[in-house]
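Here is what each chain is made of, one letter per residue.
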Amino acid sequence: MAGAVDFTSIAQQFVKFYYEQFDTNRGNLGALYRPHSMLTFEANPSQGVDAILEKLQSLPFTSVQHRTDTLDAQPSSEDGGILVLVTGALLVEGSERPMSFTQTFQLRPDAGTFYVFNDVFRLVYPAA
């Protein structure tokens, strides 16, 4: 397909950048969101750049390390949007055991780049 967006490569680059920034300086993530973007973090919604950054920066830990185990990507709209599903584990300061997580991003094109339109994060707990 001539001119087709390489959605898998874009998703991989985005995920690498996102978690590097999250793990080193969450404040840098603001550039990835827009005023109409929405984050749902463990069932708690936040909309807009300021509210999203406030949520991310108010998490009860200062140090975290993400590990991505799987990444799936699909084109999600005719305008070039990309749906990204990530699974992995994270280790927060003071903890010896990593926690499993899943995160879904809806990326939308904007002036030659992409921004996060939707972001849904959930910890995954072991089945009882």
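Scoring rules and cut-offs
Residues numbered from 1 in each chain as written. Predicted model: local features only at pLDDT ≥ 70, side-chain atom pairs only at ≥ 80, totals over all residues. Heavy atoms only, no water. Helix = DSSP H or I, 4+ residues; strand = E, 2+ residues; numbered from the N terminus. Buried < 20%, exposed > 50% of the residue type's maximum accessible area, 1.4 Å probe, protein only. Polar contact = N/O pair within 3.5 Å; in protein donor to acceptor, adjacent residues only side chain to side chain.

- The name given to the protein chain in an unreviewed UniProt entry is Nuclear transport factor 2, with Lophium mytilinum as the source organism.

So, the side chain of His-66
So, point 1. Mapping His-66 onto the fold places it in strand β3 (residues 64-75).
So, point 2. His-66 gets classed as buried once you look at its relative accessible area, which sits at 16%.
So, point 3. Looking at His-66, its side chain comes within polar contact range of the side chain of Asp-23, at 2.5 Å.

Quick notes on unusual backbone geometry
So, point 1. Even without a glycine there, the phi angle at Ala-43 is positive, about 75 degrees.
So, point 2. Structurally, Ala-43 is set in the loop between β1 (33-41) and β2 (44-47).
So, point 3. For Ala-43, a relative accessible area of 48% translates into the label partly exposed.
So, point 4. Even without glycine at this site, Ala-111 takes up a positive phi of about 50 degrees.
So, point 5. When you line up the elements, Ala-111 lands in the loop between β5 (99-110) and β6 (113-124).

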